[in-house]
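Residue strings, one per chain:
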Amino acid sequence: MKNILIIDDERNHRHMLRLHLEDAGYSCDEAENGAVAVAAIGEKQYDLLLLDITMDVMDGLTFLSYIRQQGNNIPVVIITANADAKTAVAAMKLGAADYVTKPVDIKELLIAADNLTGDEGRGGGDVSFQTDDTYVFPGVYTKDGFGKVIDMLKMVAPTDATVLILGESGTGKELVARSVHDNSLRAGKAFIAVNAAALNENLIESELFGHIKGAFTGAAGSRAGRFAEADGGTLFLDEIGELPVSTQVKLLRFLQEKVYEPVGSSKSFSADVRVIAATNRDLDSMVIEGTFRQDLFFRLSVFPVNIPSLRERVSEIPMFVKYFIDKHAERFQKKVTGATIGFIKTLQQYSFPGNVRELENLVERSIILAKTEQLTEELLPKLTNEVRTPQLKESERHIIIDTLRECDNNRTKAAERLGISRRGLYNKLREYGLD
């Protein structure tokens, strides 16, 4: 358990911070001013100091200057009532590692504490690490973030229920599917993953259900499909929204009756297969459009699991960075052991359209470029969040309206012409009140 000393002359504020930190698994002591804190750190070893700037007896900057002169390098987080850049700069020059402003955002404070103490073993609190290593990324999620998804996976994995995984690209939908399989009674059997978007539309039924010799031009022999390969195990259908309607009918029949017919055959075959599907598309809207069967949607969504985007769980970014460093540093033969606060903060301020996959790529790139044991923000490419002016938004709105009119309001064609996904177009329509 890591030790934190809270140095603040406001008694109630100290108690509030202590309550949250101890609930998060830290051990805390209090000091009402810098002079008392000097005595405290002389008697006990601390892993982190939370230091208020404004105090009557030895203010925060004086205290920080003093302990640094004494050669004490305990990490320090400054707490100030003013978001004054000069105060923050002065504190950083004296060796502060980070700062937060009053009223303190507890989640922000806990992120800073986690980053600076490197404590991955504490329990409790909003950002506590999980210990179960069998679901997705071991130890890389919080109770209020991906932990909520893990709780759902633990309920559904032991069953044979069909699971529909919903989430943006790069959020780890296939990893979630694999974790469901690995924690099910089918764990020792096959896990077959199929990306519907990557399959030729004319051959997709053959890929899934197989075919007999002569079923179509080029079918020189019979072939077993993915359902046959997955017998006894799990079939993961990624990008399920890309399935042609004709194939949706055959998939629906399998889900209802557990039988299928290879292309060109009149004979039915049975298979004991659990189906897990995933998509980044808006299936509800596709049902309304008529491009996705409603009865299939109901069959697939017996147990829907929504994966939040990375920008919705920025508190997990430090954990992911550590996880990916451990995963890739040795592979690249680099002695990288961690990342600076600046590196982490730069990532936490980015919107991550590519989610976890994009984050992993950034960490890999930084490891390759690193010349020290710590990843620094200078190693990152320029990360720019999309900023659209009112004029740009109005222009975009008119372009969307004109494109929809040209495509006779066919949203699929309009999305293709605009060069965005259909889900992206739906989001734009909602944003501009056009849905």
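Figured I'd write up the structure that's included with this text. None of these values were measured; they are calculated from a predicted model.

Our next topic: the pairing of strand β1 (residues 3-7). Burial of β1 is extensive: 5 of the 5 residues sit out of reach of the surface. Residues Asn3, Leu5 and Ile7 of β1 are buried on one face, and the alternating residues Ile4 and Ile6, pointing to the opposite face, are buried as well. The pairing of β1 with strand β3 (residues 48-52) spans 4 bridges and is parallel. Along β3, the bridge assignment pairs Ile6 with Leu50.

One finds Phe227, Ile240 and Phe292 to be the most contacted residues of the largest nonpolar core, which totals 29 residues. Those elements that provide at least two residues to this core are β7 (191-195), α8 (204-209), β8 (234-238), α10 (245-257), β11 (274-279), α11 (283-289) and α12 (294-300). With 4 residues, the top contributor of residues to this core is α10. If near-sequence neighbours (up to four positions away) are discounted, Ile240 is found in contact with Leu164, Leu251, Ala277, Ala278, Thr279, Leu283, Phe292 and Leu300. Residues Phe343, Leu347, Phe352 and Leu379 belong to the second largest nonpolar core, which totals 22 residues.

If you walk across this open sheet you meet the 5 strands as β2-β1-β3-β4-β5, and the pairing is parallel. The strands lining the two open edges of the sheet, one partner per strand, are β2 (27-31) and β5 (98-101). Shown here is a sheet whose adjacent strand axes are inclined to one another by a mean of 20°, direction ignored. Direction of pairing for β3 relative to strand β4 (residues 76-80): parallel, over a ladder of 4 bridges. Among the inter-strand pairings, Leu51 is bridged to a residue of β4, identified as Ile78. Across the sheet, helix α2 (residues 34-43) touches β1, β2 and β3, and the angle it forms with β1 is around 160°. Running over the sheet, helix α3 (residues 60-69) touches β1, β3 and β4 and is turned about 145° from β3.

Another aspect to go through is the side chain of Gln348. Residue placement: Gln348 occurs in helix α14 (residues 341-348). When its relative accessible area of 18% is taken as the criterion, Gln348 is described as buried.

A separate point is the layout of surface pockets. Within this model, the largest pocket holds a volume of roughly 570 Å³. In terms of lining, the largest pocket is formed by 14 residues, of which the most central are Glu168, Arg311, Pro353, Gly424 and Asn427. Considering only residue class, the lining of the largest pocket consists of 2 nonpolar, 7 polar and 5 charged.

Relative to each other, helix α13 (residues 317-328) and helix α15 (residues 355-369) sit at 55°, their axes nearing to 10 Å. Taken together, the axes of α13 and α15 are oblique relative to one another. In this structure, α13 meets α15 at a crossing whose hand is right-handed. On the side of α13, the interface is formed by Phe320, Val321, Phe324, Ile325, Lys327 and His328, while α15 contributes Val356, Leu359, Glu360, Val363, Glu364 and Ile367. Considering only residue class, the contact of α13 with α15 consists of 8 nonpolar, 1 polar and 3 charged.

Strand order in the open sheet made by the 5 strands is β7-β8-β11-β6-β12, with parallel pairing throughout. Two strands bound the open sheet, and with one partner strand each, they are β7 and β12 (303-306). Pairwise comparison of adjacent strand axes, ignoring direction, gives a mean angle of 20° for this sheet. Relative to β8, β7 runs parallel, the two being bridged by 5 bridges. The residue bridging Val194 from the neighbouring strand is Leu237, located in β8. Contacts from helix α6 (residues 147-156) reach β6 (163-166), β11 and β12, with the element oriented near 160° to β12.

Looking at where Asp52 falls in the secondary structure, it is placed in strand β3. The class for Asp52 is buried, based on a relative accessible area of 3%. For the pair formed by Asp52 and Ile6, sequence separation is 46 residues and the distance between their alpha carbons is 8.3 Å. Residues contacting Asp52, with those up to four places away along its chain left out, are Ile7, Asp8, Asp9, Gly60, Ile79 and Lys102.

The next thing to look at is the pattern of salt bridges. By the definition in use, this model includes 21 salt bridges. The partner of Asp160 in a salt bridge is Arg186, and the shortest N-O contact between them spans 2.8 Å. Residue Asp160 is found in the loop between α6 and β6, and its partner Arg186 is found in the loop between α7 (173-182) and β7; the two are separated by 26 residues along the sequence. Note on Arg186: relative accessible area 6%, which makes it buried. Among the salt bridges present, the one from Glu207 reaches Arg223, with a minimum N-O distance of 3.7 Å. Of this pair, Glu207 sits in helix α8 while Arg223 sits in the loop between α8 and α9 (226-229), and the two are 16 residues apart along the sequence. For Glu207, a relative accessible area of 17% translates into the label buried.

Thresholds, definitions, all that
- Residues numbered from 1 in each chain as written.
- Predicted model: local features only at pLDDT ≥ 70, side-chain atom pairs only at ≥ 80, totals over all residues.
- Heavy atoms only, no water.
- Buried < 20%, exposed > 50% of the residue type's maximum accessible area, 1.4 Å probe, protein only.
- Helix = DSSP H or I, 4+ residues; strand = E, 2+ residues; numbered from the N terminus.
- Pairing = 2+ DSSP bridges.
- Core = buried A, V, L, I, M, F, W, Y, C linked by side-chain atoms within 4.5 Å.
- Contact = heavy atoms within 4.5 Å.
- Axes fitted to C-alpha atoms, helices over the stretch in contact; angles between N-to-C directions.
- 1 Å grid on protein atoms, 1.4 Å probe; cavity = no way out; pocket = protein on both sides within 12 Å on 5 of 7 lines; lining within 4 Å.
- Points joined across faces, edges and corners; volume = space filled by probe spheres on them.
- Nonpolar A, V, L, I, M, F, W, Y, C, P; charged D, E, K, R; others polar.
- Parallel < 35°, antiparallel > 145°, perpendicular 65-115°, else oblique.
- Left-handed = near helix turned anticlockwise from the far one by under 90°.
- Salt bridge = Lys/Arg side-chain N within 4 Å of Asp/Glu carboxyl O.

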